[in-house]
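Here is what each chain is made of, one letter per residue.
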Amino acid sequence: GGLRGVHWLLGAAVFATLVITNGSMLYLLWQNAARGRLGPSEGLRVHKGPEEVRMGNEVTFGENIVRIPEKLRTKGGRMSLEERVRLLELKLGTHLGWMKNPSLAMGVNAECERVKAVDEHFICLDHFPPKNRTCLVYDFGIRDKPEFGVLLAKEFGCEVHAFDPSPVARKWIEDDKKLMDAVPNYHFHLYGAGGVDGEVELFEYTWQQVSNIRIPVSVSANCTRSDCELMDPNQGSFRLPVKTLSGVMKDLGHENRIVDILKLDVEGSEYGFLEEMLDRGCPPVEQFSIEWHHYSFDGRFGGKTSPELNTMTALLEACDLRQYQVDYVYGGFPDGARLYKEYGLSLYFNTMSYARGLRPREPNDREDSPDE
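Residues numbered from 1 in each chain as written. Predicted model: local features only at pLDDT ≥ 70, side-chain atom pairs only at ≥ 80, totals over all residues. Heavy atoms only, no water.

Draft legend 1. Spatial organisation of the overall build of the protein. Tallying secondary structure elements over the protein gives nine helices and 22 strands in all. Scored against the burial criterion, the 372 residues of the protein give a buried share of 48%. Put simply, of all contacts in the protein between residues at least 6 apart along the chain, 74% involve residues at least 24 apart. For the protein, the exposed surface amounts to about 19100 Å²; the carbon and sulfur share of it is 53%. (Helix = DSSP H or I, 4+ residues; strand = E, 2+ residues; numbered from the N terminus. Buried < 20%, exposed > 50% of the residue type's maximum accessible area, 1.4 Å probe, protein only. Contact = heavy atoms within 4.5 Å. Areas by Shrake-Rupley, 256 points an atom, 1.4 Å probe, with all protein chains shown as cover.)

Draft legend 2. View of the packing of aromatic side chains. Enumeration over the complete set of coordinates arrives at 11 aromatic pairs. On the numbers, 5.7 Å between centres and 40° between planes, the contact of Tyr328 with Phe333 is tilted. An aromatic cluster is built from Tyr138, Phe140, Phe163, Tyr191 and Phe273, whose rings are joined through pairwise contacts. In this arrangement the basic side chain of Lys243 is found over the ring face of Tyr191, its NZ or CZ atom lying 5.3 Å from the centre. (Phe/Tyr/Trp six-rings, centres within 6.5 Å; stacked < 30°, edge-to-face > 60°. Lys NZ or Arg CZ within 6 Å of the ring centre and 35° of its normal.)

Draft legend 3. Quick peek at the sheet that holds strand S13 (residues 210-211). Taken in spatial order, the four strands make up an open sheet running S11-S16-S12-S13, and their pairing is mixed. Every other strand in the sheet has two partners, leaving strand S11 (192-193) and S13 as the edge strands with one partner each. The pairing of strand S12 (residues 198-204) with S13 spans two bridges and is antiparallel. By the bridge assignment for S13, Phe203 is matched with Ser211. (Pairing = 2+ DSSP bridges.)

Draft legend 4. The arrangement of helix H2 (residues 81-95) in detail. Between its first and last C-alpha, H2 extends 21 Å over 15 residues, near the 21 Å set by a 1.5 Å rise per residue. Residues of H2 that are buried: Glu82, Glu83, Arg86, Leu87, Leu90, Gly93 and Thr94. For H2, the arc enclosing every buried residue in end-on projection is 140°, short of the 170-degree limit, so these residues lie on one face. Following H2 by one or two positions, Gly97 adopts a phi angle in the positive range, close to 80°. (Expected span 1.5 Å × (residues − 1). Arc of directions from axis to C-beta.)

Draft legend 5. Just the side chain of Ser211, in detail. Position of Ser211 among the secondary structure elements: in strand S13. Judged by its relative accessible area of 1%, Ser211 falls in the buried class. From its side chain, Ser211 meets the backbone oxygen of Glu267 in a polar contact 2.6 Å long. In contact with Ser211, other than residues within four places in its own chain, are Leu202, Phe203, Tyr205, Glu267 and His294. (Polar contact = N/O pair within 3.5 Å; in protein donor to acceptor, adjacent residues only side chain to side chain.)

Draft legend 6. Structural view of the state of the cysteines. The full count for this structure, using the stated rule, is four disulfides. Disulfide pairing is shown between Cys282 and Cys319; the S-S distance is 2.1 Å. Its torsion about the S-S bond being -85°, the disulfide of Cys282 and Cys319 is classed as left-handed. Here Cys282, found in the loop between helix H7 (270-278) and strand S18 (287-293), pairs with Cys319, found in the loop between helix H8 (307-318) and strand S19 (322-326); they are 37 residues apart in sequence, far enough to count as distant. Given the relative accessible area of 0%, Cys319 is considered buried. Among the cysteines of the protein that take part in disulfides, numbered as they appear in the sequence, the pairing is 1-2, 3-4, 5-6, 7-8. (Disulfide = S-S within 2.5 Å.)

Draft legend 7. Representation of the environment of Asp298 within the structure. By the secondary structure assignment, Asp298 is in the loop between S18 and H8. Assessed through its relative accessible area of 12%, Asp298 is described here as buried. Taking C-alpha positions, Asp298 is 8.8 Å from Gly97, a pair spaced 201 residues apart along the chain. The contacts of Asp298, once residues within four sequence positions are left out, are Thr305 and Pro307.

Draft legend 8. Quick peek at the nonpolar core. Residues Tyr138, Phe140, Leu262, Leu264, Leu274, Phe288 and Trp292 are the most contacted members of the largest nonpolar core, which totals 43 residues. Looking at this core, the elements with two or more residues in it are H2, strand S8 (136-140), helix H6 (245-251), strand S17 (261-264), H7, S18, H8 and strand S21 (348-355). Here Phe140 is in contact with Phe163, Gly192, Ala193, Val248, Leu262, Lys263, Leu264, Asp265, Val266 and Phe273, once residues within four sequence places are set aside. Among the nonpolar cores identified, the runner-up in size contains 23 residues, and Val118, Val160, Ile173 and Tyr186 belong to it. (Core = buried A, V, L, I, M, F, W, Y, C linked by side-chain atoms within 4.5 Å.)

Draft legend 9. Examining the packing of H7 against H8 more closely. Between H7 and H8, the least distance of the axes is 11 Å, while the angle of their chain directions is 35°. Seen along the crossing, H7 lies across H8 with a hand that is left-handed. On H8, the residues that touch Tyr271, Leu274, Glu275, Met277 and Leu278 of H7 are Glu308, Leu309, Met312, Leu315 and Leu316. A per-class count over the contact of H7 with H8 returns eight nonpolar, no polar and two charged. (Axes fitted to C-alpha atoms, helices over the stretch in contact; angles between N-to-C directions. Left-handed = near helix turned anticlockwise from the far one by under 90°. Nonpolar A, V, L, I, M, F, W, Y, C, P; charged D, E, K, R; others polar.)

Given below as structure tokens:
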């Protein structure tokens, strides 16, 4: 009897907590909606003691305008409940296609007048390099090909930091130590981009690289129940160090600096890296050049609609990082590796570029960018 009484009291306490919490949440949402804060508003702020950080640029989907916090560069700056609801609204709405343009990610939405191709990636020269400071570049994913960062270090005098934990990159840097002497403003780090700070398991990938994509065990083709065999790809794996953007900036002492160009070519790890970054607010980054990998398509809207890319593109646009370049407007280039076909995987990749300070296109004027 005593034990039942304890269980009843615990259950009552949990129920009361849920009622109070959910009631408070509903009341807050009702209040904000009544004040117009969950629709078009005068702009939210993140309060940090005596300081305030303005919310980012507006992104419209349906009849709502959504904002997320702008550039949280100092310590603290936690989002309020209202701001978290806004961020969730933007993520959910864009991922499920509840907006006017379900192919948002596959068309450019801003104009860059001077685009420069740099080793299969792109940068916008409209506001680069900065006039009053040394440009800072982060280059994630180089394998044994440092051309992107080396060009920016030599031609623009940028301070360049390159990151890659893969065995092929380790071997390259051990064999080519002369590069660091020849280009003193080029720095290499043996860790990668991730959604956590620490070690993660990464897997063998094409071109001697590593990826977070694990090829699943499959069954032999054209078999019946009696003669089906499991097919194990025997994919090699590695425990390798990765860092978040905030972890990298802290590690390098760059907490109060601006990253002028951030290149991501990390074989699938871009999603965790960017999601963790955007959950902290808008990043202190002026440009991104990203090679997206392995995303799915939403059959409700045709072959070129990717829920993951719609979400990321909308979040970046909310931070005034507008998309000015898309390699493959029909969705992406299919990876034709035989191994993937044998194990039933449909893998794609696509390069897209984003920058601040560009003139946005009106929704009706947004056009697919030509294939590069």
